[in-house]
Each structure stands twice: as structure tokens, then as C-alpha cells.
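Reading the structure
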Amino acid sequence: MGEKNPVLIDGTASEKSSGLVQAFVRTVRRRWYFLVIGVVVGALVGVGVSVLQPRVYAADATGIVTTDNNNSIGLASTTDTLAKSKATQYKSLAASRGVAEDAIRSTGFDLTPQQALGMVSVAVPLDTAQIQVTVRSQDPDSARELADAWIKSLSTNVERVETGGNTAAPKDSSDSEESEESQADPANSVLKFIEYVQAETPTSPISPNVKLNAALGALVLLVVVLLLLLLQAFRDRSIRSVEILREVMGNSPLLGTVPLSDSLSESRLIPPESLGAQAHRRDFGVVESFKEIRTNLQFMNPDRPPRRFVVTSCLPEDGKSTVADNLAIALAQGGDPVYLVDADLRRPTVAKRFGLITDVGLTDVIIGRADMDDVIQEVHTYPNLFVLAAGHTPPNPSEILASERFSTMIDRLAEKGTVIMDAPPLLPVSDSAIIATKFDGALVVVEAGGTTRDQLGKSLQNLEQINAQLLGTVLNKVPTRGSEAGYYSYYGKNYYYEAEKESTRSGRRSRKKGLDRKTGKAKSGV
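Read on for a plain summary of the structure. (Residues numbered from 1 in each chain as written. Predicted model: local features only at pLDDT ≥ 70, side-chain atom pairs only at ≥ 80, totals over all residues. Heavy atoms only, no water.)

Time to look at the overall build of the chain. Each helix and strand counted, the chain has 22 helices and 12 strands in total. Residues counted as buried form 42% of the 526 residues belonging to the chain. Intrachain contacts of the chain at a sequence separation of at least 6 include 80% that bridge at least 24 residues. Accessible surface computed for the chain: about 28,000 Å², of which carbon and sulfur atoms make up 53%. (Helix = DSSP H or I, 4+ residues; strand = E, 2+ residues; numbered from the N terminus. Buried < 20%, exposed > 50% of the residue type's maximum accessible area, 1.4 Å probe, protein only. Contact = heavy atoms within 4.5 Å. Areas by Shrake-Rupley, 256 points an atom, 1.4 Å probe, with all protein chains shown as cover.)

If you want it as C-alpha cells, here you go:
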């Protein structure tokens, strides 16, 4: 029966990883609009969240630590270092409850010290004696007033700390002498904290940041969509490239690819040659694809090409009947008689598609109700093509197809020409596999992007288990446009149109030259 064809569904870890990356890239290219939608929706969500958030304003006020000792350069350097050290110490004082209470009392705001401390942040710029107070509030004026009041309150508390709580002037000469001695010593000098920069009323909020929220929303939704596409690529087992199909098929040949075509979706049949070249221009890719399948079938064994074979698929709607019908037309156009037998007794379609009588056919011949020559119908639109309809739907299709009478009938037809049997799908029923064992084999139709690896692998196993010959596969409904076309190695559809364009350009040039010659004669006065 021929060499067994291993079903290669799983590979090594590196092959799986590479396959997942390729599947993810294909999924992203196929579903790129989801990324755009995700980015737009994420940005809109970020803007919406920003609109719902309250606006927060920030006002900054700055104070500075100074000393009265500036009589000499050496003493100024020492006191400057001391001021910077004290500024760091006063930072904790600025965030104290006492400063908060004084600032609230000064402004008259209805706040608790804890609430005020939550609105204020204190910082000491690096290597400076400055203390910066930042107040955040939903009211810009309140932020400015509280920042200035906070600096003043801190100044009062610093003075209280540095003077030990006594800010009154000395009363006698002895106290004056002690004060002068303390000011003479840099270590015991009285430091001052004064207001350096007053707060200004903020004009724009610091929160929410609409641009940042929109960017974050877009980024988050983009990542979510990418993860979903990655999950889809991981779970997608459909055959979306010729490479994947060959991995599953092993040594079995790919006989051809049939492009996705509007004409096939309407009439399901390629145009007859009698319609002329104009009709074939529109369906050039489809017509050539079936001619390619015809050629590959004939070259499988030039001395004894398959003359009795089954066309089937994994599941319904994969396009097996369309492939069977049009392959029969392509073979008939070669000049030899072709007999198309509708062996799908459960869902017959052949006779109806060709506009023939559906009431009598195969089942009537098998049960002896009619003679085969009487029920075979010639398709006048397609010369050399003959159709044997399914006839009445029987209660036992499998038994009829497995009968010796059916085999004898097919052998009789094969003496006259090539016999193509449109058989049921492989997975729902076993009819096709049984028929394939009796004749030259089976041609399996695979729907691009529809049939999965597991479905095709199971179908091939069904054929292999009963020693049915697999002639090859036909990849059906192959995309001809967009990013998917390259993955199916479908590049030939533009060949005819490029030639047609060149022919059109040549015709235009010829007509233009003829017109120029006529114009030249007219000008010369002929």
C-alpha cells in the first residue's frame, strides 16, 4: 500500500518554543487591530480616571537657617557648616505636631494637626541650609497660605528651641555680658530661621497627570492584549502555515493549495472553458490551483496514475466537495472521461451543485432498482465530465459503500475513465477510510486556519490503521491577501495579473503608435 506516513504532532522543546513564537507573530499580525483597540481603550480609560480624580495643587515655601556670626571668614565657614547641620535637625521639627498646630491657628483652617501633616512634606536640599515645605491641597489658595504659615510657625519654634524658650531681652548688665560671651562662641551662638522664599499660588494641578495616566492605561491594555494573543497562539492548534501541515503530514505530499475565492463561495465551481478568457482572468488563481493538483496526481505514478480515489476531509465544511467537483472538472478538461461519484450518502451535494437530477443515482444502482448507464448524467457545460448522483438517502450508508456491488460498479467506471468519489469526512464516520482501502487511496482536504493538528493527525491515523493509501493533501481556503498569504506560501496569484498589465500597457503603446502614424499622415496632407 505504500510507505507509512508518521503523524508528527509533537516536537522537541526548542521546536515547540520556535513554533510558539511563530504562532504568536502570526496571531499578532492577524489580530493587529486588537492591539490598536487596546491602546485606544486604555488611553481613554486613563483619561477617564484622570477626569474623575480630584485636582491637587502644590505650593512651595522655603526658609533658611542663618547666624549672626559673620565677622571673619573662618567663623563664617564654621557657622555655615553648623547652619547646614541644624537645617537637617530642623527638618524633623518642621514635621512636628507643634508646628502644625501653630500653622493651623495662624490660618484659621478647619483642620486637625494630623490632617495638616498629611498635606505637608518637608525636604532639605542637598548641601544647603534651606528647608523647603510643600503643601498639597485641592484649593490652590489654601495651599499657598498654609505653606507660608508653616514656614512662619517653624521659625517661631526654631527660635523657641534655640533660646531655650526665653525670647525676652536681658534685664541687667551681667545677663548682657553672658549673652555677648555666648555669641562670641560659634558653638553656642543663637541660630535664626527666617523665611527665604514665599509661596506662590499654583496655576496648574500636579495631579492627576492626564498624559501619564493615558500612557499607563494604553500600556496596561497593550500588555493585556498581547498576553491574550499569546494565550490564543498557545491554544491555537489550527494549521496556519505550510510548514505546520508538512510537520503533521510527514512524508505525504502536498498536492496543491486552493486560494480563498469569492467565485468559489458563490457558485462553488470554476468557470467552463466555453465562457472564454474573460471569465478565466477573474478566477485565474483558482483554475490554476486545480490544474496544479491534476498535474501532481498524474506525476505521482506516470505509468499508473490514480484512477479510483476518494476525496475526503477531517470534518464537514472543510471544502472536500468543492475540491472534488473542481478537480473532476480540471481532469475532464484534460480530454479524458471523468466520473464524479457522490459517495457522501448522508449529505449529498454533487448533483444539486451541477444542476442535475438528484432523485436517482448510486443507491438505486446498488439495490438493483436502476442500471448504472441509465442514471449516469453527462454535464454538458463541462465536456468529458459525468456525474453519478447519490440517489435516495439510505438507512445504512456504511453497508452500501462497503458492499461488493459498490466496488464492482466503481471498477466498471474506472475502465472508462478516472473515478473521483466525494466521500464523507473521516472523523464523524468511517465510510471514507473503508472506501479508500478498496481503491487507489484517499486525497484529504485540509481547511487553512480551520483544521487543527489533532484533527488531521487523528484522520491520518484512521487511514493508517486500516492500511488505506494516503495520496496526499490539498490545502483549501488559503488566504491570498494580507499577512497570512506568505505563511501558506501562496505567491502565484499575481503572475497572471502582472502579465495582463504588461499586455495592457503593450496594447496601449501599440494603439498610441497607430494614432501617431495616422496623425502624421493627416499633417502631411495625405
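So, on to the pairing of strand β12 (residues 470-478). Of all nine residues in β12, eight are buried; the element is thus mostly enclosed. As paired elements, strand β11 (residues 442-447) and β12 share six bridges and run parallel to each other. The partner of glutamate 447 across the bridge, within β12, is asparagine 476. With respect to chirality, the unit in which β11 leads through helix α20 (residues 453-465) into the neighbouring parallel β12 is right-handed. (Pairing = 2+ DSSP bridges. Right-handed = clockwise from strand over helix to strand, strands pointing away.)

Attention shifts here to the packing of aromatic side chains. Evaluated as defined, the whole model comprises five aromatic pairs. Where tyrosine 33 meets phenylalanine 34, the ring centres are 4.8 Å apart and the plane angle is 40°; that geometry is what we call tilted. On the numbers, 6.2 Å between centres and 70° between planes, the contact of phenylalanine 406 with phenylalanine 439 is edge-to-face. In this pair, phenylalanine 406 sits in helix α18 (residues 404-414) while phenylalanine 439 sits in the loop between α19 (431-438) and β11, placing the two residues 33 residues apart along the sequence. Overall, phenylalanine 439 belongs to the buried group, its relative accessible area being 5%. Through pairs of rings, three or more aromatic residues link up here, namely Trp32, Tyr33 and Phe34. (Phe/Tyr/Trp six-rings, centres within 6.5 Å; stacked < 30°, edge-to-face > 60°.)

Here the focus is the nonpolar core. If you look at the biggest cluster of nonpolar residues, it comprises 47 residues, and the most contacted ones within it are Leu362, Phe406, Met409, Met421, Ile435, Leu456 and Leu463. What isoleucine 435 contacts, discounting residues up to four positions off in sequence, is Val310, Ala343, Leu401, Phe406, Met421 and Ala423. In this structure, Phe290, Val323, Ile329 and Leu385 belong to the second largest nonpolar core, which totals 35 residues. (Core = buried A, V, L, I, M, F, W, Y, C linked by side-chain atoms within 4.5 Å.)

Helix α13 (residues 320-332) packs onto helix α12 (residues 284-300) with a crossing angle of 75° between their chain directions and a minimal axis gap of 9 Å. With respect to their mutual orientation, α12 and α13 come out roughly perpendicular. Listed contacts from α13 to Phe290, Lys291, Ile293, Arg294, Leu297 and Gln298 of α12 are Thr322, Val323, Asn326, Leu327, Ala330 and Leu331. In the contact of α12 with α13, the residues fall into seven nonpolar, three polar and two charged. (Axes fitted to C-alpha atoms, helices over the stretch in contact; angles between N-to-C directions. Parallel < 35°, antiparallel > 145°, perpendicular 65-115°, else oblique. Nonpolar A, V, L, I, M, F, W, Y, C, P; charged D, E, K, R; others polar.)

As a further point, take the pattern of salt bridges. This structure, assessed with the given rule, holds 17 salt bridges. Here arginine 347 makes a salt bridge to glutamate 317, at a shortest N to O gap of 3.4 Å. Placement of arginine 347 in the loop between β7 (338-342) and α14 (350-353) and of glutamate 317 in the loop between β6 (308-313) and α13 is noted, with a sequence separation of 30 residues between them. The closest approach of N and O atoms between aspartate 422 and lysine 320, which form a salt bridge, is 2.8 Å. You can see aspartate 422 sitting in strand β10 (residues 418-422) and its partner lysine 320 sitting in helix α13, a full 102 residues away along the chain. Each of Asp80, Lys84 and Asp127 takes part in one network of salt bridges that share partners. (Salt bridge = Lys/Arg side-chain N within 4 Å of Asp/Glu carboxyl O.)

Let us now look at the sheet that holds strand β2 (residues 120-123). In sheet architecture, strand pairing relies on hydrogen bonds along the backbone and comes in two forms, parallel and antiparallel. Across the sheet, four strands lie side by side as β2-β3-β1-β4; this open sheet has antiparallel pairing. The sheet is open, and its two borders are formed by β2 and β4 (191-197), each paired with just one other strand. Ignoring strand direction, the axes of neighbouring strands in this sheet form an average angle of 25°. Of the strands in this sheet, β1 (57-67), β2, β3 (130-137) and β4 are in contact with helix α6 (residues 140-162), which crosses β1 at around 20°.

This paragraph deals with the side chain of lysine 320. When its relative accessible area of 6% is taken as the criterion, lysine 320 is described as buried. Among the polar contacts made by the side chain of lysine 320, one reaches the side chain of aspartate 422 at a distance of 2.8 Å. Setting aside residues up to four positions removed in sequence, lysine 320 forms contacts with Val311, Thr312, Ser313, Asp344, Asp422, Ala423, Pro424, Pro425 and Val445. (Polar contact = N/O pair within 3.5 Å; in protein donor to acceptor, adjacent residues only side chain to side chain.)

Along an α-helix, residues three or four positions apart point the same way, because every turn accommodates 3.6 residues. Every buried residue of α19 is accounted for by Asp431, Ser432, Ala433, Ile435 and Ala436. Summarising the contacts, the buried residues of α19 are in contact with β6, α17 (397-401), α18, β10, β11 and α20.

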